[in-house]
Amino acid sequence: LKSLDDETFEVDPEVANMSETIKNLIEDAATENDVIPLPNVTGKDLSKVIDYCKFKVNAKKTNGDGATMSEEEVKAWENDFVKVDQGTLFQLILAANYLNIKELLDL
């Protein structure tokens, strides 16, 4: 993934597919290793969005004991995630909207 300010991020397909926009761009790409340009998202905001998506993907996986993360643990992490200044929160909302990540918009 390549941000507005030319920062490049390598992400697992499972993480990238949380975004309907990125999922569609990947399907249209010539190869799986193509860089997907995201001209409406800065590197700083894309990094935060990727952190969110990675967390959500990992939260659904089972740990060594076969248990997944509890709903309370997920909510606590999400509450901490949105404890940012107003400008950053606004940029995250714009990024989530552009990238079509419903779970992030619903926070």
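Please read all numbers here as calculations on a predicted model, not as lab measurements.

### Some words on the packing of aromatic side chains
Applying the stated criterion across every chain yields a total of four aromatic pairs. Seen from their ring centres, Tyr-52 and Phe-81 are 5.5 Å apart, and the 45° between their planes marks the pair as tilted. In this pair, Tyr-52 sits in helix H3 (residues 43-59) while Phe-81 sits in helix H4 (residues 71-81), placing the two residues 29 residues apart along the sequence. According to the relative accessible area criterion, Tyr-52 is buried, its value standing at 0%. With a centroid separation of 5.2 Å and 20° between ring planes, the pair formed by Trp-77 and Phe-81 is classed as stacked. With Trp-77 and Phe-81 both in helix H4 and four residues apart, the pair spans about one turn of that helix. Assessed through its relative accessible area of 27%, Trp-77 is described here as partly exposed. Grouping aromatic residues by their ring pairs yields a cluster made of Tyr-52, Phe-55, Trp-77 and Phe-81.

### Thoughts on unusual backbone geometry
Most peptide bonds adopt trans geometry, and most residues besides glycine take a negative phi value. A positive phi is found at Asp-6, a non-glycine position, where the angle reads about 65°. Within the element layout of this structure, Asp-6 appears in the segment before helix H1 (13-16). In this structure, Asn-100 takes a positive phi of about 55° despite not being glycine. Mapping Asn-100 onto the fold places it in the loop between helix H5 (86-99) and helix H6 (102-105).

### Regarding the packing of H3 against H4
Across the interface, H3 lies against H4 with an axial gap of 12 Å and an inter-helix angle of 180°. Classified by the angle between their axes, H3 and H4 sit roughly antiparallel to one another. Residues Lys-48, Asp-51, Tyr-52, Phe-55, Lys-56 and Ala-59 of H3 form the contact with H4, whose own contacting residues are Val-74, Trp-77, Glu-78 and Phe-81. For the contact of H3 with H4, the residue count by class is six nonpolar, no polar and four charged.

### Quick notes on the nonpolar core
Core analysis: the biggest nonpolar cluster contains 23 residues, and Leu-1, Leu-38, Leu-46, Val-49, Cys-53, Leu-99 and Leu-104 have the highest contact counts within it. Counting only elements with at least two residues in this core, the list comes to H1, H3 and H5. In terms of residue count, H3 provides more of this core than any other element does, six residues in total. Once residues within four sequence positions are removed from consideration, Leu-46 is found in contact with Leu-1, Ser-3, Phe-9, Leu-38, Val-41 and Leu-99.

### Remarks on the pattern of salt bridges
This structure, assessed with the given rule, holds eight salt bridges. Between Glu-103 and Lys-60 there is a salt bridge; the shortest N-O distance is 3.5 Å. Of this pair, Glu-103 sits in helix H6 while Lys-60 sits in the loop between H3 and H4, and the two are 43 residues apart along the sequence. For Glu-103, a relative accessible area of 32% gives the class partly exposed. Note on Lys-60: relative accessible area 55%, which makes it exposed. Among the charged side chains, a salt-bridge network with shared partners connects Lys-56, Lys-60, Lys-75, Glu-78 and Glu-103.

Conventions used here
- Residues numbered from 1 in each chain as written.
- Predicted model: local features only at pLDDT ≥ 70, side-chain atom pairs only at ≥ 80, totals over all residues.
- Heavy atoms only, no water.
- Phe/Tyr/Trp six-rings, centres within 6.5 Å; stacked < 30°, edge-to-face > 60°.
- Helix = DSSP H or I, 4+ residues; strand = E, 2+ residues; numbered from the N terminus.
- Buried < 20%, exposed > 50% of the residue type's maximum accessible area, 1.4 Å probe, protein only.
- Axes fitted to C-alpha atoms, helices over the stretch in contact; angles between N-to-C directions.
- Parallel < 35°, antiparallel > 145°, perpendicular 65-115°, else oblique.
- Contact = heavy atoms within 4.5 Å.
- Nonpolar A, V, L, I, M, F, W, Y, C, P; charged D, E, K, R; others polar.
- Core = buried A, V, L, I, M, F, W, Y, C linked by side-chain atoms within 4.5 Å.
- Salt bridge = Lys/Arg side-chain N within 4 Å of Asp/Glu carboxyl O.

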